[in-house]
Amino acid sequence: MQDSLVEYGARRVIITITAILCALLEIVDSTIVNVALNEMKGNLGATLSEVGWVITAYAIGNVIIVPMTSWLSQQFGRRNYFAASVIIFTVFSFLCGNATNIWELVFFRLMQGIGGGALLVTSQTIITESYPIEKRSMAQAIYGLGVIIGPTLGPPLGGYIVDNFSWPYIFYINIPIGIAATLMTLQFVRSPKYAEKRKASDVDWIGIGLLAVTVGSLQFILERGHEEDWFASGMIVAFTVAAVLGFILFLWRELTFKYPIVELRVLKNSNLRIGTMMSFVLGFGLYGSTFIVPLYTQSILGWTALQSGALMIPAALTTAFMMPIIGRLLAKGAKQQILVSLGLFIFFVYSFWGYKILTPDTSKDAFFWMLIVRGAGLGLLFIPITSLSLSTLKGQEIGQGAAFTGMMRQLGGSFGIAAITTFIANAGQKYRNSLISHLDENSFDVQQRLATLKASFVAKGMTPDAAMNAAYKMLDLSVTKQATVLSYMDVFLYLGVIFLVCIPFILFIKERKSKEKIDLSEAMH
């Protein structure tokens, strides 16, 4: 690492803005689509599970490319690779908006994800290397702001666009930003002098293939498992076999090949091992809770996308506020273990709080402080986990370690969302059955409730028979709703328990021997 990449003054500001723009492009784009799924479904004549592919494809593209970024930057020079990624991303954004059927859109999203994967990782490295070592943790905090605020901006922005324009505009909005970012990258970003490039014959093509198969299949299983009813479906079984075989072959290949595409030997480092697992848990919590709160407010409380997106903003601002403070604390030598444990505990408090306040009609104010607590917990987890994982690595290992934590965070998110969706569906069914068994037709309360409902429907001008049917329907709906709320409560409770269980593991991590400052340069991918 030469310090020749450190920039000063206006140039550093411009580079920072470029990198954050690119990271935001990538992150906002992974969540902005969630809101528009209904519109796409109608416009492209697709089923709900087909439309889910729009999200799946993007995630698969992302996850395949992230572990290879540090290698690709060496191969093509960082500036060129970064600019090329932005261009791929922008071109496919345009194509996504123009897609005429669902499978076209899915393919374009896959390509967009492949372009986008690089934006996150490389923009991180670029920001960090533009700052001198003593300002690195601030640089991380600046980057962290983008990463945390991004997913929160997606839904309200998407909601606004879908309400006022049409869904293709959620893709078109990337085009002007992409063009600006490309020009700024080519003009201002510099490439470090890396080791010599590999010849085409030295490239680990088999490794690339196996990696794509393994991670792609895994992501596929996680995203589609619930709709396809897990292992009842031949397709899911086939992909599971592919993922397991691919993984074993990939391990063997990377440990025996001369120039592996992913340097697995870095994982000998125990801090990185624990950090990688923690990143998985962080992804689980970060994406899981970003996914569950809007889902709950929209499906149970009937809010609009814009409202439920706006609900998450104070929490994101809290995290944003925490980031620089945590950066300072780490620079002053605060123990990372303590910060992470504290963060996990705060996350447990948040989850338990969620478990306590959920009802079929929770008010907006009830969520406010709970989400602020979540914001504080995230701030305490994000930077310390990354600096902890990389604290005992050196030089080039840092970039490789960072690719691991980045990939695990992404996979943790998909894992979390898959687990939560499946859990809610199954638990909802279970609770529904147990609630129905308590509804006795002869009980006075039930009859009274039905009579009240029937009377109100008759008053609206229905015939007594139709009114009775409608009353049963209403009762059925409210049972389903209660069952769903109960299963959401369980999700919060179990998430909280997972975070609590992680605390002892964190306290096992060994301290750094030397007191030198941690170079977080490529840490926080």
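As the structure is a prediction and not an experimental result, all values here were calculated from the model. Residue numbers restart at each chain and count upward from 1, following the sequence in its written direction. Only residues with pLDDT of at least 70 are given local features in this predicted model, and only at 80 or more are side-chain atom pairs given and counted; all residues enter the totals for whole chains, interfaces and linings. Computation of side-chain values: all heavy atoms of the structure, hydrogens and water removed.

Here we look at the overall build of the protein chain
Under the DSSP-based scheme used, a helix requires at least four consecutive residues in state H or I and a strand at least two consecutive residues in state E, with every element numbered from the N terminus. Helices and strands together make up the secondary structure of the protein chain, namely 18 helices and zero strands. Per-residue accessibility, obtained with a 1.4 Å probe over protein chains only, is compared with the maximum for each type, and a residue is labelled buried under 20%, exposed over 50%, and partly exposed between these values. Going through the 525 residues of the protein chain one by one, you find that 54% of them count as buried. Residue contacts are counted whenever heavy atoms from the two residues lie within 4.5 Å of one another. Put simply, of all contacts in the protein chain between residues at least 6 apart along the chain, 82% involve residues at least 24 apart. Each accessible area value is a Shrake-Rupley result obtained with a 1.4 Å probe; residue values ignore everything except the protein chains displayed when judging cover. Put simply, the protein chain shows about 22800 Å² of open surface, and 67% of that area lies on carbon and sulfur atoms.

A look at the nonpolar core
Core analysis: the largest hydrophobic core is formed by 74 residues, its most contacted members being Val293, Tyr296, Leu344, Tyr350, Leu358, Phe367 and Leu371. Looking at this core, the element that brings in the most residues is helix α15 (residues 364-390), giving eleven residues. Leave out the neighbours within four places in its chain, and Leu358 touches Tyr296, Phe367, Val485, Tyr488, Met489 and Phe492. If you look at the next biggest cluster of nonpolar residues, it comprises 27 residues, including Phe92, Ala99, Val106 and Ile236. Working definition of a nonpolar core: buried Ala, Val, Leu, Ile, Met, Phe, Trp, Tyr and Cys residues. They are joined through side-chain atoms within 4.5 Å.

Examining the packing of aromatic side chains
Think of it this way: a Phe, Tyr or Trp ring, Trp meaning its six-membered ring, pairs with another when their centres are within 6.5 Å, and the plane angle makes it stacked under 30 degrees, edge-to-face over 60, tilted otherwise. This structure, assessed with the given rule, holds twelve aromatic pairs. Ring centres of Tyr169 and Tyr172 lie 5.5 Å apart, and the angle between their planes is 85 degrees; on these two criteria the pair is classed as edge-to-face. Placement of the pair is Tyr169 and Tyr172 together in helix α7 (residues 169-172), with a separation of three residues, close to one helical turn. Overall, Tyr169 belongs to the partly exposed group, its relative accessible area being 41%. Aromatic pair Phe345 and Phe348: ring centres 6.0 Å apart, planes at 40 degrees, arrangement tilted. With Phe345 and Phe348 both in helix α14 (residues 336-357), this residue pair falls three residues apart, about one helical turn.

Topic: the pattern of salt bridges
A pairing counts as a salt bridge when a side-chain nitrogen of Lys or Arg comes within 4 Å of a carboxyl oxygen of Asp or Glu. Tallied over the entire structure, the rule returns one salt bridge. In this structure, Arg432 and Asp476 form a salt bridge, with 2.9 Å as the shortest nitrogen-oxygen distance. With Arg432 in helix α16 (residues 396-438) and Asp476 in helix α18 (residues 464-507), the pair connects residues that are 44 residues apart, well separated along the chain. On the basis of relative accessibility, which here comes to 35%, the residue Asp476 falls in the partly exposed class.

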